[in-house]
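Each chain, written out:
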Number of protein chains: 2
Amino acid sequence: MTLKLYVDRMSQPSRALLIFCKLNGIDFEEVYINLSKRQHLSPEFKEVNPMKQVPAIMDGRFKLFESHAILRYLACAFPGVADHWYPSDLYKRAKVDSVLDWHHSNLRRGAAVYVFSTVLAPAFGLPFNQQAAAEAEKVLLASLAKIESVWLQKKGRFLLGSGQPSIADLSLVCEIMQLEVLDEKDHKRIIGPYKRVLKWIDDTKNAMEPHFGEVHLILFKAKEKFQKQRDAVGSSIPQSSRKLDLHSKM
Amino acid sequence: MTLKLYVDRMSQPSRALLIFCKLNGIDFEEVYINLSKRQHLSPEFKEVNPMKQVPAIMDGRFKLFESHAILRYLACAFPGVADHWYPSDLYKRAKVDSVLDWHHSNLRRGAAVYVFSTVLAPAFGLPFNQQAAAEAEKVLLASLAKIESVWLQKKGRFLLGSGQPSIADLSLVCEIMQLEVLDEKDHKRIIGPYKRVLKWIDDTKNAMEPHFGEVHLILFKAKEKFQKQRDAVGSSIPQSSRKLDLHSKM
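Quick notes on the rules
- Residues numbered from 1 in each chain as written.
- Chains lettered and ligands numbered in written order.
- Predicted model: local features only at pLDDT ≥ 70, side-chain atom pairs only at ≥ 80, totals over all residues.
- Heavy atoms only, no water.
- Helix = DSSP H or I, 4+ residues; strand = E, 2+ residues; numbered from the N terminus.
- Rg over C-alpha atoms; globule rule 2.2 N^0.38 Å.
- Buried < 20%, exposed > 50% of the residue type's maximum accessible area, 1.4 Å probe, protein only.
- Contact = heavy atoms within 4.5 Å.
- Pairing = 2+ DSSP bridges.
- Axes fitted to C-alpha atoms, helices over the stretch in contact; angles between N-to-C directions.
- Expected span 1.5 Å × (residues − 1).
- Domains from an automatic or database assignment.
- Buried area = accessible area lost by both parts, 1.4 Å probe.
- Salt bridge = Lys/Arg side-chain N within 4 Å of Asp/Glu carboxyl O.
- UniProt positions renumbered as here; feature names shortened; annotations may be inferred.
- Right-handed = clockwise from strand over helix to strand, strands pointing away.
- Least-squares fit on C-alpha atoms with pLDDT ≥ 70 in both.
- Parallel < 35°, antiparallel > 145°, perpendicular 65-115°, else oblique.
- Nonpolar A, V, L, I, M, F, W, Y, C, P; charged D, E, K, R; others polar.

Caption draft 1: Layout of the overall build of chain A. A tally of regular secondary structure across chain A gives nine helices and four strands. For chain A, the succession of helices and strands along the chain, N to C, is β-α-β-α-β-β-α-α-α-α-α-α-α. Taken over the C-alpha trace, chain A has a radius of gyration of 18 Å; the compact-globule value for 250 residues is 18 Å, and the two agree within 12%. Along the first, second and third principal axes, the C-alpha set of chain A runs to 55 × 45 × 30 Å. Split into buried and exposed, the 250 residues of chain A put 54% on the buried side. By sequence separation, contacts in chain A at least 24 residues apart represent 69% of the contacts at least 6 residues apart.

Caption draft 2: Representation of the sheet that holds strand S4 (residues 62–65) of chain A within the structure. Residues and elements named next belong to chain A. Judged by pairing direction, the sheet is mixed, and its four strands sit side by side in the order S2-S1-S3-S4 without closing on themselves. Where the open sheet ends on each side, the last strands, each with one partner, are strand S2 (28–32) and S4. Across the sheet, the mean angle separating the axes of adjacent strands is 20° when strand polarity is ignored. Two elements, strand S1 (residues 3–7) and strand S3 (residues 56–59), share four bridges in a ladder whose sense is antiparallel. Note that in S3 the partner of Leu5 across the bridge is Ile57. Along the sheet, helix H3 (residues 67–77) contacts S1, S3 and S4; its crossing angle with S4, the most-contacted strand, is approximately 130°.

Caption draft 3: Spotlight on helix H1 (residues 12–23) of chain A. Residue and element names in this part refer to chain A. For H1, which comprises twelve residues, the first-to-last C-alpha distance of 17 Å matches the rise-based estimate of 16 Å (1.5 Å per residue) to within 8%. What H1 keeps buried is the set Gln12, Pro13, Ser14, Arg15, Ala16, Leu17, Leu18, Ile19, Phe20 and Cys21. Phi turns positive one or two residues past the end of H1, at Gly25, with a value near 60°.

Caption draft 4: Structural context of the sheet that holds strand S2 (residues 28–32) of chain B. All names here are of chain B. Judged by pairing direction, the sheet is mixed, and its four strands sit side by side in the order S2-S1-S3-S4 without closing on themselves. Whereas interior strands pair on both sides, the edge strands pair on one side only; in this sheet they are S2 and strand S4 (62–65). The mean angle between the axes of side-by-side strands here comes to 20°, regardless of whether they run parallel or antiparallel. Running over the sheet, helix H3 (residues 67–77) touches strand S1 (3–7), strand S3 (56–59) and S4 and is turned about 130° from S4.

Caption draft 5: Main features of the domain arrangement of chain A. All names here are of chain A. The domain architecture assigned to chain A consists of domain 1 (3–81) and domain 2 (85–229). Distance from the C-alpha centre of domain 1 to the C-alpha centre of domain 2: 20 Å. Contacts between domain 1 and domain 2 engage 19 residues on the former and 26 residues on the latter. Broken down residue by residue, the surface that domain 1 buries against domain 2 is led by Gln12, His68 and Arg72, which jointly contribute 29%. Of the charged contacts in the structure, one is a salt bridge between Lys22 and Glu214, with a shortest N-O distance of 2.9 Å.

Caption draft 6: Geometry of the UniProt feature "domain: GST C-terminal" (unreviewed entry) in chain A. Within this structure's numbering, the places UniProt gives as "domain: GST C-terminal" (unreviewed entry) are residues 89–232 of chain A. Its end C-alpha atoms 53 Å apart, residues 89–232 of chain A is made of 76% helix and 0% strand.

Caption draft 7: Main features of the pairing of S2 of chain A. Residue and element names in this part refer to chain A. Bridging between S1 and S2 involves five bridges; their strand directions are parallel. Looking at S2, one finds that Tyr6 is bridged to Val31. Read from S1 through H1 to S2, the crossover connection turns out right-handed.

Caption draft 8: Highlighting the relation of the copies chain A and chain B. Expressed as a screw transformation, the operator carrying chain A onto chain B has a rotation angle of 180° and an axial translation of 0.0 Å, and the superposed copies differ by an RMSD of 0.0 Å. In symmetry terms, the pair is related by a two-fold rotation axis. Residue His104 of chain A, judged by its C-alpha, is the member of chain A lying nearest the rotation axis, at 3.0 Å. Taken as a fraction of all interface residues of chain A, those also at the interface in chain B reach 100%, which identifies the copy contact as same-surface.

Caption draft 9: Structural view of the packing of helix H5 (residues 130–151) of chain B against helix H8 (residues 195–207) of chain B. Residues and elements named next belong to chain B. In contact at an axis separation of 8 Å, H5 and H8 are set at 80° when each is read in the N-to-C sense. Classified by the angle between their axes, H5 and H8 sit roughly perpendicular to one another. On H8, the residues that touch Leu144, Ile147, Glu148 and Ser149 of H5 are Lys195, Arg196, Val197 and Trp200. Class assignment for the residues of the contact of H5 with H8 results in four nonpolar, one polar and three charged.

Caption draft 10: Main features of the interface of chain A and chain B. With 30 residues of chain A in contact, the opposing surface of chain B contributes 30 residues. Summed over both sides, the interface between chain A and chain B buries roughly 2700 Å², with carbon and sulfur atoms accounting for 63% of that surface. Contact with chain B buries area across many residues of chain A, yet Met51, Leu90 and Asp101 of chain A alone supply 19% of it, more than any other trio. The salt bridge partner of Asp101 of chain B is Arg72 of chain A, with a shortest N-O separation of 3.0 Å. Listed by contribution, the elements that provide at least two residues to the side of chain A that touches chain B are S4, H3, helix H4 (90–123) and helix H5 (130–151) of chain A. Ranked by residue count, the leading element in the side of chain A that touches chain B is H4 of chain A, at eleven residues. The residue inventory of the side of chain A that touches chain B, partitioned by class, reads 15 nonpolar, six polar and nine charged.

Written out as structure tokens, the structure is:
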């Protein structure tokens with residue numbers, strides 16, 4: 001039976017799984033769980049993932065959720081996957097695990113809450129929570145600084161000084177890509193100072209083309225739509241009373 | 001060279017590492033990084049963990065941080081560790097990874113922020129953030145409900161229906177143990193309704209004695225101290241203007 005990926009390409013960990021499978025020649029069926037239509041809350045999807053979140057997979061009768069656990073599983077279960085993605089060497093693997101675990105409460109928390117507070121909540125007419133946005137920005141900036149100073153210090157182009165990407169590069173870069181939906185100035189202000197991070201994102205993209213670009217197409221369309229809405233409203237600063245008229249997902 | 005564990009027993013992931021090593025007969029040196037004295041911010045400790053957090057380890061010249069990555073590493077690096085802690089079977093291991101990854105943004109986020117908001121912040125004279133406490137409580141209760149309904153449904157005494165504990169049981173139970181410092185009524189209100197969770201905590205403790213109790217001694221001393229302070233102030237509800245006179249750590 002084919003591997004089924006339950007994903008929404010607007011979700012950054014969903015995109016990471018899709019890119020991973022495409023890059024590694026893993027056959028799969030993409031099952032679209034439309035988040036904006038709340039399909040992740042359906043009784044059918046609850047049977048796949050009781051936590052009601054994408055991504056999730058079914059490999060035959062084996063069900064799994066949590067994108068990092070899935071990436072680890074795919075890297076080990078499919079013999080064609082090159083070792084650099086999730087090294088079999090104990091020490092290298094432990095370091096990749098360390099980055100993946102760090103991600104949750106740092107880059108992911110900062111980026112996801114910042115995007116939600118400043119772009120998605122206003123688009124859905126929810127109040128702008130200035131405190132949440134400010135706290136998320138702090139976490140996000142601190143996380144980018146740590147990536148730059150701790151993991152991109154060595155000679156290799158990728159995290160941990162590696163010459164080839166691991167699932168940690170893939171997961172973290174997909175997270176940072178979500179910042180594309182921010183207002184251009186805001187995006188530049190946040191990520192601009194981190195030159196090594198910018199180069200690493202480019203290197204990761206280049207190492208994963210054409211799949212990286214193809215899977216991210218939806219994000220760039222959303223970026224355009226958000227920008228047009230912001231231009232129409234005349235400001236990049238979300239206000240609690242302002243509702244952007246966005247009928248597309250996100 | 002002996003394995004060094006850089007820990008503070010007041011930190012729940014530090015306790016998980018200590019218990020794991022003691023249970024599995026792994027020789028180690030316990031290096032106390034006193035959080036209340038801000039020793040985790042020292043230049044010496046930054047050399048061990050640039051993220052300035054406990055726990056961290058040095059195994060010979062190999063440095064590692066993030067408790068889940070460390071537990072995975074120890075389970076694989078020390079041949080005496082029984083397979084049930086981190087199964088070599090691909091499917092079982094993936095399921096353990098899924099629980100560990102889920103933990104970060106759910107149980108950990110809920111429990112840690114709730115304890116900080118309602119116990120630690122007031123004890124340090126910081127303002128009581130009611131919104132943060134309320135949001136953390138929601139995440140915490142939802143997490144306990146998910147553990148009960150998703151992972152403790154099967155016949156085994158431990159997570160995922162296992163008959164023996166994994167590093168996921170150890171990590172999650174150590175997190176929940178941190179709730180011991182709450183006011184008694186608050187603790188009962190939060191955890192009381194989750195009967196399967198309570199039984200699982202007992203089963204996990206029993207499977208890990210005498211080390212579980214010994215490593216948690218410091219927490220029960222802190223619990224007493226916090227309760228005395230609350231009794232002296234005459235209320236279990238933290239107030240922004242109230243500062244508990246706690247000179248011990250936490």
